[in-house]
Amino acid sequence: MNTMTATPSPFSPAERPQLGLRERKKIKTREAIRTATYALVKEQGYDATTIEQIAERAEVSPSTVFRYFPTKEDIVITDEFDPIIMEELRARPADEPWMVTLRYVMQKAIKYGMKEDAETSRLRTHLMVQVPAVRSRMMESMSVTGTMLCEAIATRTGRDPESLEVRVYAMSLVGGLMETSLYWAENGHRDDFADLVDRTMDVLEHGLSD
């Protein structure tokens, strides 16, 4: 999910009161860099956009950009939502069925992280399809998200987060959501993304049912 929403969101970590001033400033800097990047990409394309241009537009130094994002691809694929989603998963009632929890949290993330800035979400997934380096970096980052999800699953189920079953389940979910994003972009973003995610949850819950 991306966090560049048009208006402040209660799901956005930048607005969460428990964060200190220093952390809020870091988040705002990251968001400024991402906003600059997407604006430049829309103006001149991904390949033509340089770190120096991004830094100038975001009013930071190139070294600051690299400090927050090791590569240009990282600017596109990283966001503030993974830890917040994991927190939301852990906050759901312990006796709630797992798939009910997943559906609730994913739909909430979509509502606050995508629908308030659909244009950016479409551009981001378009880059995942069109730019091999972005797609490759996204696949590399899946392991980090998968590890956090393993911990959330283990907390809910009492299973070992390093167990084969938990790891397979977590990466199935992460991979499924990535494929959903690619499918959405490959088909011209004509479908409602929330509906696609719900279909993804159906596959994970029931398999390829008739």
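In this text the structure is predicted, and so the values were computed from the model without any measurement.

K.L.:
So what's going on with the side chain of Lys-72? Which residues, and what values?
P.N.:
Here Lys-72 is to be found in helix α4 (residues 72–77). It is Asp-47 that comes nearest to the buried, bridge-free Lys-72 among opposite-charge side chains, at 5.2 Å. There is a polar contact of 2.7 Å between the side chain of Lys-72 and the backbone oxygen of Thr-49. Not counting residues within four places of it along the chain, the set of residues in contact with Lys-72 comprises Tyr-46, Asp-47, Thr-49, Ile-51 and Ile-54.

K.L.:
How would you summarise helix α9 (residues 164–186) if you had to cite specific residues and measurements?
P.N.:
Under the 1.5 Å per step criterion, the end-to-end length of α9 is 32 Å for 23 residues, consistent within 8% with the ideal 33 Å. In the stretch just after α9, Gly-188 is the one whose phi turns positive, near 70°.

K.L.:
Requested: an account of helix α8 (residues 132–157), with residues and values cited.
P.N.:
Taking 1.5 Å per residue, 26 residues should reach 38 Å; α8 reaches 37 Å between its end C-alpha atoms and fits that length. Of all the bends found along α8, the most pronounced is centred on Ser-141 and spans about 30°. Taken together, the buried positions of α8 are occupied by Val-134, Met-138, Met-142, Thr-145, Gly-146, Leu-149, Cys-150, Ala-152, Ile-153, Ala-154 and Arg-156. Directly after α8, the chain includes Gly-158, whose backbone phi takes a positive value near 80°.

K.L.:
So what about the pattern of salt bridges? Which residues, and what values?
P.N.:
Inspection of every chain in the model, using the stated rule, returns 11 salt bridges. Where Arg-30 meets Glu-23, a salt bridge forms, and the shortest distance between an N and an O atom there is 3.5 Å. Taking the relative accessible area as the measure of exposure, Arg-30 reaches 14% and is therefore buried. On the accessibility criterion, Glu-23 (29% relative accessible area) is partly exposed. Each of the salt bridges in this network shares a partner with another, and the network as a whole consists of Arg-103, Asp-198, Asp-202 and Glu-205.

K.L.:
Residue-level account of the packing of aromatic side chains, with values.
P.N.:
By the definition in use, this model includes one aromatic pair. Cation over ring: Lys-72 sits above Tyr-46, and NZ or CZ is 4.2 Å from the ring centre. Over the ring of Tyr-104 we find Arg-92; its NZ or CZ atom is 3.8 Å from the centre of that ring.

K.L.:
Kindly report on the packing of helix α7 (residues 118–130) against α8, identifying the contributing residues and their values.
P.N.:
Packing of α7 against α8 leaves a shortest axis separation of 5 Å and a crossing angle of 100°. Considered as vectors, α7 and α8 are oriented roughly perpendicular to each other. Facing Leu-127, Met-128, Val-129 and Gln-130 of α7, the residues of α8 in contact are Pro-132, Val-134, Arg-135 and Met-138. Tallied by class, the residues present in the contact of α7 with α8 amount to six nonpolar, one polar and one charged.

K.L.:
Please set out the confidence of the model for the chain residue by residue, giving values where relevant.
P.N.:
Overall, the predicted model of the chain reaches an average pLDDT of 85, with 88% of residues at or above 70. Element-level mean pLDDT values for the chain span from 79 in helix α5 (residues 81–91) up to 97 in helix α2 (residues 51–58). With pLDDT under 50 throughout, residues 1–17 is counted as low confidence; its partners more than four residues away or in other chains account for 54 contacts.

K.L.:
Explain the side chain of Glu-73 to me, using residue names and the numbers behind them.
P.N.:
Within the fold, Glu-73 resides in helix α4. One buried charge, Glu-73, has no salt-bridge partner; the nearest side chain with opposite charge is Lys-72, at 5.8 Å. Within polar-contact distance, the side chain of Glu-73 engages the side chain of Tyr-46 at 2.9 Å.

K.L.:
Give me the nonpolar core: which residues, what numbers.
P.N.:
Ranked by internal contacts, the top residues of the largest apolar core, which has 39 residues, are Tyr-46, Val-76, Leu-89, Leu-102, Leu-127, Val-134 and Leu-149. Elements that contribute at least two residues to this core include exactly α1 (21–44), α4, α5, α6 (98–113), α7, α8, α9 and α10 (193–206). Of the residues forming this core, the biggest block, eight residues, is contributed by α9. Here Val-76 is in contact with Tyr-38, Tyr-46, Arg-124, Leu-127 and Val-134, once residues within four sequence places are set aside. Counting residues in hydrophobic clusters, the runner-up holds 10 residues, among them Ile-33, Leu-40, Ile-51 and Ala-58.

The rules we used
Residues numbered from 1 in each chain as written. Predicted model: local features only at pLDDT ≥ 70, side-chain atom pairs only at ≥ 80, totals over all residues. Heavy atoms only, no water. Helix = DSSP H or I, 4+ residues; strand = E, 2+ residues; numbered from the N terminus. Buried < 20%, exposed > 50% of the residue type's maximum accessible area, 1.4 Å probe, protein only. Lys, Arg positive; Asp, Glu negative; His and termini not counted. Salt bridge = Lys/Arg side-chain N within 4 Å of Asp/Glu carboxyl O. Polar contact = N/O pair within 3.5 Å; in protein donor to acceptor, adjacent residues only side chain to side chain. Contact = heavy atoms within 4.5 Å. Expected span 1.5 Å × (residues − 1). Bend = angle between axes of the 7 residues up to and from the residue. Phe/Tyr/Trp six-rings, centres within 6.5 Å; stacked < 30°, edge-to-face > 60°. Lys NZ or Arg CZ within 6 Å of the ring centre and 35° of its normal. Axes fitted to C-alpha atoms, helices over the stretch in contact; angles between N-to-C directions. Parallel < 35°, antiparallel > 145°, perpendicular 65-115°, else oblique. Nonpolar A, V, L, I, M, F, W, Y, C, P; charged D, E, K, R; others polar. pLDDT = per-residue confidence, 0-100. Core = buried A, V, L, I, M, F, W, Y, C linked by side-chain atoms within 4.5 Å.

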